[in-house]
Each structure stands twice: as C-alpha cells, then as structure tokens.
Amino acid sequence: MADYLLEMRGITKEFSGVKAIDGIDLKVRPGECVGLCGENGAGKSTLMKVLSAVYPPGSWTGTILWEGAELKARNIRETEEAGIVIIHQELMMVPHLSVAENIFLGSEPTTFGGLIDYDAMNARAAELMIQLKMPDINVALPVMAYSGGKQQLIEIAKALNKNAKLLILDEPTSALTSSETRTLLDLVAEFKARGMACVYISHKLDEVAEIADTVTVIRDGTHVATHPMAELTTDKIITMMVGREMKNLFPREDHDIGEVIFEARNVTVWDTTNTERKLVDDVSFTLRRGEILGVAGLVGAGRTELASHLFGCWRGEHTGAILLDGKEVRVHSPLQAVRQGICMVPEDRKRHGIVPLMGVGHNITLSVLRNYTRFGLIDAEDEMAVIRNEIDRMRIKTAQPLLPIASLSGGNQQKAVVAKMLLPGPRVLILDEPTRGVDVGAKYEIYKLIFELAKQGVAVLMISSELPEVLGISDRVLVMGEGRLRGDFPNTGLSQEQILAAALGKQTRDAA
Amino acid sequence: MTLTRKDLRTFLSSYKIVALLIVIAVIWAFFGFMTYDADLGGSQFLTARNFSNLLRQMAITGMLASAMVFVIVAGEIDLSVGSLLGLLGGIAAVLDVIYHWPLAGTIAVVILLGIVIGLGVGWLTAYQGIPSFIVTLGGMLVFRGAVLGLTGGITVAPASEELKVIGQGYLPGGLGDGLAAILFVLLVVTAFRTRAGRQKHGLPVSSMAAEVARLVAIGAVILGFVVTLNSYQGVPVPVLILLVILGIFTIVGNKTVFGRRIYAVGSNLEATRLSGVDVNLVKMLVFGLMGLMCALAGLTTTARLAAGTPSAGFGGELDAIASCFIGGTSMRGGIGSVAGALVGAVIMASLDNGMSMLGVETFWQQIVKGVILVLAVWMDIVSSGNTR
C-alpha cells in the first residue's frame, strides 16, 4: 500500500505554447485534507482539470499515481469511477429536475422493465440528505426550489452517492451564507474522520486554516511550497500566494465626505415568480458625496435586489423613489441610470458583467462607445487610446488589448468590468460583491480604486458578504435582513459580531 | 500527427474565408469538369456568361443573407424573409404594372414598407418578448397569404423597362473597370492604415509579406471578376447593388456603434443591457435592416422576372439562413460576417447553377444542398475544435 492516495508529479500543461502550469506536485494521503491555495490564474483549476481528465492524458506531461498505480482515466466518467469527484465552483445542476433526479443523474436506478425506480431513488436520496444533516429537504421537489447554498450541499450528496474516495471542492463556499458554510465545513470534517480524502480550494483562508491538514501553495503555475497547516498562519499563506508581504489588506485613505447627493425612499421589490413575496421591504437610505457605504447582510437579505431597483434593472414589480441632489429622477432602465450618473458593477460577472466573445478593450468601451465616433464611424484611434489608458490605470494583465475577455483571469475580468462602469463618469457607483472570486492582489487594487473614487467625490455603495471587507472599506454600514433595513451604523468601533447580530435581527434598529 | 492537425485547425479557424474559397474552387472545378464538352468548345460551367448568370442568381439570396447575418449574430432568426420578399416584390409589380407609378415612387414606397414591416416584427420580438422564431413563422404565413390576396394568385406582368434594369441591366465596361480600380485603391489604403493603427497600439499584425500577398490576391480576384464579367456584358446591376451592400454592411458591422452592439447583444444580452445599452432598440433596428433588404431583394426579383409572381421568394429564407451558417455565422449568436455569408451564398448558387446545368433532377438538388449545409457546419465545428 502506497503512502499516498494521490500523487501528482511534475504536471505541466501548455496552452498554445504558454505554460499554464509548470511542474506542479500535489500529494494527498488517505483521509487527509489538502488546502490548495493560489491567486486567480495561478493554475489551480487547470491542475484540477488535469486530474479529472477534462484535459485527457497526452495533452499534458507528468505522472499521476492513484492508490500507487498510474491513473489512466481518459474522461470525467472514468475518474469518477476511480473515486475522484470534483465539485465545481459553478453549480452543475439541472434546475427543473428534482433533487433526487439530480443526485442520480447518469446513474438512475431502474426497475426490471428499464423504467426509473423512483421509490428506490427517492428513498436513497432522502437517506443521503439525513447523512448531510438536511432532513428537511424534499428530494422530490425541483432543485431550483432550494437556495444556492443548499444546492451546493446537494452536489456533495451527488459525490457521496458516487462513493468518492477523494473529494475535490473548488471554492465551495463562495455562494454560501455563513451558517451554510458552517454545515459544509462540519461535513468535510466528518468525511475526513471516515477516511475520505479531500482537496479544498478556496480564497477564504480561514476556512482553509480550519479544515486543511496540509497546504499547497501555487503561484503563476509553479509549485511554491507544501507545509503542514500546523506550521502555517493565514498571513504566511498570503505571503506565499502573492510572493510579497501584504502588510495592509485595506489601503485606507482619508477622504472628505460631503453633502447628501443620493437618496432612496421606501424601496420595495417583489419577487418575479412569487409575486406576493417582498424581497426588499420599505428600505430608505441616503448617500453622501465621497462616502463609502457598505451594505452587509446574509445571502438572500435582498441586497442585490435593492441594487437592481436603484439601477433600473429589476424585472418584477418594484416601487420606491430615487433622488439625486434632492430631485426625484426616473430610473427605469440601466440606460437611464447610466445617463443620470448611477453605475453598477453586477454581482454575477459571467452572466451580467462580461461580453465573452468580445475583446477586453471592446468590453471596456461598451457603455461609452458613442463618445468615440466621427461621422457615425468608430474612431479606432480614439477608442484604442482610451482602452490602453484604462488597461494601464486598472493594471489589467492582458497579452494585448483586444484579447477575448473570457481568456483573462477572474480578477482581470472584474477590473475590466469596473473600468467599463467608470468610463461614463458615475456620481454614484454601486458595487455588488466587487471582489467575489478575485485574487488577493486584484482585491487590493480594487480597494485602492474605491478609495481613489471616494476622494474624487464619487458616492460608493458597496454590497459585500465578507464582513472584514465591509469593515475595512466602509465609512458607514447598512445591514439588511429578510428584505428589511436592520441597521445603519457609522463605521467606528463596529465589530463583525454587531453586524451579524443585526443581520439576524437580534438587535433593534440603531438610529445613527 | 496531432501537431499537423492542430496546425491545420489554427490555419482554418483564422482564415475561415480561405477555407470557404477553397470549397468554391473545388465545386467550380467539379462542375467545370463535368460540363466539359469538346463540341461546344470547352466547359459550359466555366464561361463568362454562366459566371454572370450565377452571380445574378446569388444576388437575391445574398441581399437577404447580408442582413440575416446580423439577425443571427444578435441571437435571433427571421423565417419570414422569403414571404416578405414575395409581398414587397408583388407590391412593386402592382404599382408598376397596374398603376404605372414612376420608378422612384415605387422604389421609395416599397423600401419604406419593408423597413416599417421589419421594425414591426422587431418590435414584437424585442419589446413584446415574443420569440423571433414564432413571430417570423407567423409572418411567413401572413406575408405569403397577403401576396396571394394581392395578386389574386396570378402573375402581374409586364414590368416597365425602367424597373427591369434593376434586375436585368449591366454596367458599361468602362464604368466597371473604373469602379474596380477605385475599390482596390480604397482597400489598399484602409489595409495599410489599419495595419499602422494596430501596430501603434501593440496589437498583433500579420507580416508585411503576408499583408502584401493578401492584397495582391484580392487585387487578382477583383481583376479576374471585372475582366470576366466585361467579356460578357458587364457587371450586372443586382451584383453591383450587392457589392455596395457588402461594403456598407461590413463597415456597419465593424466600424459603427450599432454594429458593435449587435455583436455584444448576441454574445451576452444581459451584460450588454447592464452596460447601459438599449438592447431592445438594437434588436428592433436589426429587424428593420432585414426588412430593408427584403425590399431590395423583392424589387430585384420582380425586375429580374419582369413580373410579380405569387411564389416569388418561396423558400428564400432557408437559402439565406443556410448561406449564413455555411459562411461561419454561429448559431448561438455573437459571431459572423457579411463577407462570409455572401461566400456562403455563392456556394449555394454554384450548386444550384451547376446541378441544373448537369440536368440533375430537382429532388436530388435539394438533397445535395441539404447535405452540403450540414457538412459545412460540421467542418466549421471540427476546425474550430468545438466538438463535444
């Protein structure tokens, strides 16, 4: 019996001559949890795609030993049969199928006649739900009836059902609430106790620190170090990931806060499918020139829906006045919002942020293209000058300005989306989870930019689920819970516990 | 072995149009060989006269395809263009033959109607949210029904001499030469200006030798094109119209805000909307453009037949859509070019023309065209490495 369950040695994968990963080693013992850390674009996903044979053998070099013998899987199905199961960052669910149908997708139990044996399937699925401590879930309901967090746990049920020996979790908690994250971490700990190994990929280093026995750090496609977690701290991991010392995560800068320029009054937003349900319930607030207002709350608190109303892009019913400089303005479409000086960087970058087939540069100029025309034709010269300027200013790393944006790392895509929404010259900038799925270096640059904008007098509304970020950046913090405004605190001596307590409704509204 | 295949793939995906031109050459060589007849003094397919005919045949499909590209790039489809062509052509015939309207009046009314109907279809799709497949499937029936009602199911003839010029006329040789020369100079100038601009901004450019070779090749094609056509009767008027459309639409697609937005809408509608673009307007205008092209195609059809017939443009939507897909337009939107679609139209027209000349039965012609469509898209998928 080999010491290691999995041993990847000297894995190198090239994309058209560029080495995405170069000689990476990764070893996992039975029953061990390995944390895999690295900035976006460091090569974590590429490494996992090599392991799961998304990139089949032959398209990369190096060796993979699985239980002491060479792994010869040629596709995902074969790696799963060997016992390696990946749970991707993006959920791979068929929303209209039931929970049980999703769990058994591709391996449906059948009766003698070849029909799906729903009784056996539902019974087994319900059993799995109990193992996952979610006995409330009705496995016959469509998956879309449950929140993203629950769906993530259902994905894990799917992996359990496949008798996984090695579970790979790729950013599993990026869309989870803190209680759901807790459940997930407890589960992983329990699996470990039962002898299942896992690879935990996450930007949330606290989670890695809690769950991992060993941590492997990669940077720019190369292996930096592997150490037992006991010898490490999160700061040390960050230093290894970034390759330089990160003294201050939040580059706070002084900025003047001026008069109230923006006001939202009695915003109420109803659900699009269940039209009786209020997602935002009578929320009012003001925003001052040069102020950074953080909006905290649990997932599902109605923060994104509030932002959608302010930017004129909510599809369902909504009411509430929006005032700029004390005068009510009409914002019924993103176009009107942008024209009034309200811009928004959406939460879901892939679906709402980037236009994947177009170049980085053309993404950046999308909202202001009309400014660079002469006689109705785009002046390529003018446009390129702006693009290059933005790429430099935002420090977007791209081989050339018109490379398709989809080929950039998440952090660089995000910087391009932010640049796109800055070009119209907003007075009010709404940032919805601006650093989600963004690596440490890019995060730092985005924070710096936020302070820079505040200095210039832009009012910033930043929605974030990361409390340290909310506390590190904001001048004032709004807390939402179940669609209502549950707190409005000046950010002086505010603690994470206070915010969480308010979000959970444990404290009456603080008049600040 | 994998390396060579990969190289070929890279070559074909970056020079898609070259691959399509090779396909045309193969098709022409095949028909040229098959129609060779020593008694008649050579191949019957590869003559100036047939070349001229072939181009006139493809002009109408080409007009539809050049706007259809934008419709498909924007993520929509238009099944009603054949019927709308028939209706607008029928209206042109009625105004011309029965009411003896002056040509300018007929053209103006037909074009205006085309744009208005197109915008109407676009409004239903973009603002009312009815899928374009449904709206235009309905439109296909409505417009065809309207033609039948308008013409009473009979041919409206004869068209006036002025109208016939649009479909049957030729450009005098000297004018054709002059226009070709101007076109070539323009192409050379823009090529070098674009090149200089790209270099200045650190964008990749092909080597100077490749650039010159490309321009020489284009020059040779233009020269061959004009010389061949002039050796018959000159550049046919509908072909000239199509070339002008090709030029304008290529500029619209690459150099205007509207064009950029069409591609953005097709690639990611939501992200484009959230960037402050009026995506509904973009979609409606694309259908308006499609309506305009139906009007031009309708006028050309009526002029070419010198009559309005109730079946004019029947099946035209399928030829136009097939041309787009053969020419590399993506079904999922966001990718496609007018030049590609026109090359696709030439391929379709060559098959029609060649097979008719060989006396292949109609049913075989349809089967072959269907197979070629599927084959072309399959080749495209294989060459771009998008197989599942």
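Thresholds applied
- Residues numbered from 1 in each chain as written.
- Chains lettered and ligands numbered in written order.
- Predicted model: local features only at pLDDT ≥ 70, side-chain atom pairs only at ≥ 80, totals over all residues.
- Heavy atoms only, no water.
- Helix = DSSP H or I, 4+ residues; strand = E, 2+ residues; numbered from the N terminus.
- Buried < 20%, exposed > 50% of the residue type's maximum accessible area, 1.4 Å probe, protein only.
- Areas by Shrake-Rupley, 256 points an atom, 1.4 Å probe, with all protein chains shown as cover.
- Lys, Arg positive; Asp, Glu negative; His and termini not counted.
- Charge placed at Lys NZ, Arg CZ, Asp CG, Glu CD.
- Rg over C-alpha atoms; globule rule 2.2 N^0.38 Å.
- Contact = heavy atoms within 4.5 Å.
- Core = buried A, V, L, I, M, F, W, Y, C linked by side-chain atoms within 4.5 Å.
- Buried area = accessible area lost by both parts, 1.4 Å probe.
- Salt bridge = Lys/Arg side-chain N within 4 Å of Asp/Glu carboxyl O.
- pLDDT = per-residue confidence, 0-100.
- Pairing = 2+ DSSP bridges.
- Axes fitted to C-alpha atoms, helices over the stretch in contact; angles between N-to-C directions.
- Disulfide = S-S within 2.5 Å.
- Phe/Tyr/Trp six-rings, centres within 6.5 Å; stacked < 30°, edge-to-face > 60°.
- Expected span 1.5 Å × (residues − 1).
- Parallel < 35°, antiparallel > 145°, perpendicular 65-115°, else oblique.
- Left-handed = near helix turned anticlockwise from the far one by under 90°.
- Nonpolar A, V, L, I, M, F, W, Y, C, P; charged D, E, K, R; others polar.

> Account for the overall build of chain B, naming residues and giving values.
A count of helical and extended segments in chain B gives 16 helices and two strands. Summarising its shape, the C-alpha atoms of chain B cover approximately 65 × 65 × 40 Å along the three principal directions. Residues classed as buried in chain B amount to 49% of the 388 residues present. With an accessible surface of roughly 17900 Å², chain B has 71% of that area assigned to carbon and sulfur atoms. When the 22 basic and 17 acidic side-chain charges of chain B are each reduced to a single mean position, those positions are 13 Å apart.

> Go over the overall build of chain A, please, and point to the residues and values.
Helix and strand counts for chain A stand at 17 helices and 22 strands. What you see for chain A is a C-alpha radius of gyration of 24 Å, in line with the 24 Å of a compact globule of 512 residues. Split into buried and exposed, the 512 residues of chain A put 54% on the buried side. Summarising the internal contacts of chain A: among those between residues at least 6 apart in sequence, 66% fall at separations of at least 24. Total accessible area on chain A is roughly 22300 Å²; 49% of this is exposed by carbon and sulfur atoms. Put simply, chain A has 56 plus and 67 minus side-chain charges, and the middle of one group is 3 Å from the middle of the other.

> Can you break down the nonpolar core residue by residue, with the values?
Of all hydrophobic cores here, the largest spans 88 residues; its most connected members are Leu64, Met68, Phe70, Phe249 and Met290 of chain B. For this core, the element with the most residues is helix 3 (residues 48-73) of chain B, which contributes 15 residues. Setting aside residues up to four positions removed in sequence, Leu64 of chain B forms contacts with Val81, Leu85, Met290, Met293, Cys294, Ala297, Gly316 and Ala320 of chain B. Counting residues in each nonpolar core, the second largest holds 72 residues, with Ile292, Ile364, Leu422 and Ile430 of chain A among its members.

> Could you give an account of the interface of chain B and chain A, with specific residues and numbers?
With 26 residues of chain B at the interface, the matching set in chain A holds 36 residues. Of the roughly 2700 Å² buried between chain B and chain A, counting both surfaces, carbon and sulfur atoms make up 60%. For the chain B face of the interface with chain A, the top three residues by lost area are His201, Arg260 and Leu274 of chain B, together amounting to 28%. For the interface between chain B and chain A, the tally reads three salt bridges.

> Lay out the confidence of the model for chain A with the relevant residues and their values.
When pLDDT is low, close inspection of the predicted coordinates is not appropriate. Taken over all residues, the pLDDT of chain A has a mean of 87, while the share at 70 or more is 96%. Counted against residues more than four places away or in other chains, residues 507-512 of chain A, with its pLDDT under 50, gives twelve contacts.

> Go over the sheet that holds strand 10 (residues 222-228) of chain A with me, naming the residues and quoting the values.
Residues and elements named next belong to chain A. Pairing in this open sheet of six strands is mixed, and the strands run 6-7-8-3-9-10 from one edge to the other. At either end of the open sheet lies a strand with only one pairing partner, and these are strand 6 (84-87) and strand 10. Averaged over all pairs of adjacent strands, the angle between their axes in this sheet comes to 15 degrees, without regard to strand direction. Relative to strand 10, strand 9 (residues 214-219) runs antiparallel, the two being bridged by six bridges. Residue Ile218 lies in a different strand from strand 10, and its bridge partner there is His223.

> So what's going on with the state of the cysteines? Residues and values would help.
A complete count under the given rule lists zero disulfides over all chains for this structure. The structure places no disulfide on Cys313 of chain A, whose sulfur is separated from the nearest cysteine sulfur, that of Cys343 of chain A, by 12 Å. Given a relative accessible area of 19%, Cys313 of chain A falls into the buried group. Cys324 of chain B provides the cysteine sulfur closest to Cys294 of chain B, a residue in no disulfide bond, and the two sulfurs are 12 Å apart.

> Describe the pairing of strand 6 of chain A, with residues and values.
All names here are of chain A. Alternating positions in strand 6 separate into two faces, Ile84 and Ile86 on one and Val85 and Ile87 on the other, with burial throughout. The pairing of strand 6 with strand 7 (residues 166-170) spans four bridges and is classified as parallel. Bridge pairing in strand 7 places Ile86 opposite Ile168.

> An account of the packing of aromatic side chains is requested, with residue identities and associated values reported.
Residue and element names in this part refer to chain A. Evaluated as defined, the whole model comprises nine aromatic pairs over all chains. Here the aromatic rings of Phe250 and Tyr447 are separated by 5.1 Å at their centres, their planes lie at 45 degrees, and the arrangement is tilted. Here the residue Phe250 occupies a position in the loop between helix 8 (234-242) and strand 11 (260-270), and Tyr447 occupies one in helix 15 (residues 440-455), the gap between them amounting to 197 residues. Tyr447 carries the same exposure label as Phe250, and that label is buried.

> Before we move on, can you summarise helix 15 (residues 338-357) of chain B with the specific residues and values?
All names here are of chain B. With 20 residues, helix 15 extends 28 Å between its outermost C-alpha atoms, agreeing within 8% with the 28 Å of an ideal straight helix rising 1.5 Å per residue. In terms of residue burial, helix 15 counts as a mostly covered element, since 16 of its 20 residues are buried. Positive backbone phi, at 75 degrees, marks Gly359, one or two positions downstream of helix 15.

> Which residues make up the packing of helix 5 (residues 148-161) of chain A against helix 6 (residues 178-193) of chain A, and what values go with them?
Residues and elements named next belong to chain A. Relative orientation of the contacting elements helix 5 and helix 6 amounts to 15 degrees, with a least axis distance of 10 Å. Judged by the angle between their axes, helix 5 and helix 6 are roughly parallel. Where helix 5 crosses over helix 6, the handedness of that crossing is left-handed. In this structure, helix 5 uses Gly149, Lys150, Gln152, Leu153, Ile156 and Leu160 to contact helix 6, whose residues at the interface are Glu180, Thr183, Leu184, Leu187 and Phe191. For the contact of helix 5 with helix 6, the per-class residue count stands at six nonpolar, three polar and two charged.

> Account for the sheet that holds strand 11 of chain A, with residues named and values stated.
Adjacent strands of a sheet pair through backbone hydrogen bonds, lying either parallel or antiparallel. Residue and element names in this part refer to chain A. Strands sit in the order 12-11-14-15 across an open sheet of four strands; the sheet is antiparallel. Looking at which strands have only one partner, the edges of the open sheet turn out to be strand 12 (278-288) and strand 15 (327-329). On average, each strand axis in the sheet is tilted by 20 degrees relative to the strand beside it, whichever way the strands run. With seven bridges connecting them, strand 11 and strand 12 associate as antiparallel partners. Bridging from a neighbouring strand, Trp270 pairs with Lys278 of strand 12.

> Which residues make up helix 5 of chain A, and what values go with them?
Residues and elements named next belong to chain A. With 14 residues, helix 5 should reach 20 Å at 1.5 Å per residue; the first-to-last C-alpha distance of 20 Å fits that figure. Taking burial as the measure, the 14 residues of helix 5 include twelve buried ones, the bulk of the element. If you check which residues of helix 5 are buried, you get Gly149, Gln151, Gln152, Leu153, Ile154, Glu155, Ile156, Ala157, Lys158, Ala159, Leu160 and Asn161. Residues of helix 5 that are buried make contact with strand 6, helix 3 (99-103), helix 4 (118-131), strand 7 and helix 6. Two residues or fewer after helix 5 comes Asn163, characterised by a positive phi angle close to 55 degrees.

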